[in-house]
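# Structural features, examined
This is what each chain is made of:
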Amino acid sequence: MKTDITQALVNEHRLILRMITLLERNAPRTADGSYTNLQFYLDGVDFIRSYADRFHHAKEEDVLFEALITNGMPRENSPTAAMMMEHVEGRAFVAAMESATRESLDGQRGREQTIADNALAYAALLREHIAKEDEILYPLAERIIPDTMRDSIIAGYEAAEKRAAVGFAAHYEAVVAGYEQEQR
Ligand SMILES: [Fe+2]
Ligand SMILES: [Fe+2]
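Values in this document were obtained by computation on a predicted structure and should not be read as measured data.

## Remarks on the packing of helix 3 (residues 79-105) against helix 4 (residues 112-144)
Where helix 3 meets helix 4, the axes come as close as 9 Å, and the angle between the chain directions of the two elements is 160°. The angle between helix 3 and helix 4 places the two elements in the roughly antiparallel class. Handedness of the helix 3/helix 4 crossing: left-handed. Across the interface between the two elements, P79, M83, E86, E89, G90, F93, V94, A96, M97, A100, T101 and S104 of helix 3 pack against E112, T114, I115, N118, A119, A121, Y122, L125, L126, H129, E133 and L137 of helix 4. A per-class count over the contact of helix 3 with helix 4 returns 14 nonpolar, 6 polar and 4 charged.

This is the structure we're talking about:
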């Protein structure tokens, strides 16, 4: 039985998808004025930057994608290059969501539609992105990466986890669970 090198990443996708579901639920209601807890968007930005980007995307970019490239995937114009481009695209939506949220909290009027548009654009991008990884790229990695490389991939994930603060993942799970329970 080969050591699994993608299930940990699939599990992280599940938490990221729970945040995406919250963005999809709350953003239309922020646009129409019925959801006014803007702290949610700042916590969402922190979740995305810390958990999705710095933690999860770093494991992909520094460990799994590098292993695919070592095993013959081109660095440019390839599925991993496309995935990395989407990581970058996501950051632009997050930055726009954050600035519109801060402007609104500072008293500017009429920023709700921009918050919602960027939250939904990020959600759509990442939902598609995760589906491509779960259904195409990760199964490909499981097929082509040889047994001999698998322990070092797991060690690479563990190094990324050690770089994170103690209780990092539990903290972000609690943030997501908290908003899931928020009164509607
Ligand atoms: Fe990714
Ligand atoms: Fe991913």
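## Re the nonpolar core
One finds M19, L23, F47, M97, A119 and Y122 to be the most contacted residues of the largest nonpolar core, which totals 27 residues. With 7 residues, helix 4 is the single largest residue contributor to this core. If sequence neighbours within four positions are ignored, L23 has contacts with G44, A119, L120, Y122 and A123. Core analysis: the next-biggest nonpolar cluster, separate from the first, contains 13 residues, I5, L9, F65 and Y138 among them.

## Regarding the environment of L126
As for its position among the elements, L126 is in helix 4. When the 24 C-beta atoms within 10 Å are taken as the criterion, L126 is described as buried. Between the alpha carbons of L126 and I16 there is a distance of 8.8 Å; along the sequence they are 110 residues apart.

## Considering the packing of helix 2 (residues 39-70) against helix 3
The interhelical angle for the contact between helix 2 and helix 3, taken along N-to-C directions, is 170°, at an axis separation of 11 Å. Overall, the two elements helix 2 and helix 3 adopt an arrangement that is roughly antiparallel. Between helix 2 and helix 3 lies a crossing of left-handed hand. Only T80, M83, M84, H87, R91, V94, M97, E98 and T101 of helix 3 make contact with helix 2, whose side of the interface consists of Y41, L42, V45, I48, R49, D53, H57, E60, E61, F65, L68 and I69.

## Digging into unusual backbone geometry
Even without being glycine, N77 reaches a positive phi, approximately 50°. Position of N77 among the secondary structure elements: in the loop between helix 2 and helix 3. N77 sits in the exposed class, given 7 other C-beta atoms within 10 Å.

## Regarding helix 1 (residues 7-31)
Compared with the 36 Å implied by 1.5 Å per residue over 25 residues, the 36 Å span of helix 1 between its first and last C-alpha is a close match. Here helix 1 has its buried residues at L9, E12, H13, I16, M19, I20, L22, L23, N26, A27 and T30. Phi for G33, located one or two positions after helix 1, is positive at around 90°.

## Section: the environment of Y179
Turning to its location among the elements, Y179 is positioned in helix 6 (residues 168-180). You can call Y179 buried: it has 21 C-beta atoms within 10 Å. For Y179, the contacting residues outside a window of four places in its chain are L22 and F40.

Calculation rules
Residues numbered from 1 in each chain as written. Chains lettered and ligands numbered in written order. Predicted model: local features only at pLDDT ≥ 70, side-chain atom pairs only at ≥ 80, totals over all residues. Axes fitted to C-alpha atoms, helices over the stretch in contact; angles between N-to-C directions. Helix = DSSP H or I, 4+ residues; strand = E, 2+ residues; numbered from the N terminus. Parallel < 35°, antiparallel > 145°, perpendicular 65-115°, else oblique. Left-handed = near helix turned anticlockwise from the far one by under 90°. Contact = placed C-beta atoms within 7 Å. Nonpolar A, V, L, I, M, F, W, Y, C, P; charged D, E, K, R; others polar. Core = buried A, V, L, I, M, F, W, Y, C linked by C-beta atoms within 7 Å. Buried ≥ 20, exposed ≤ 12 C-beta atoms within 10 Å, placed from the backbone. Expected span 1.5 Å × (residues − 1).

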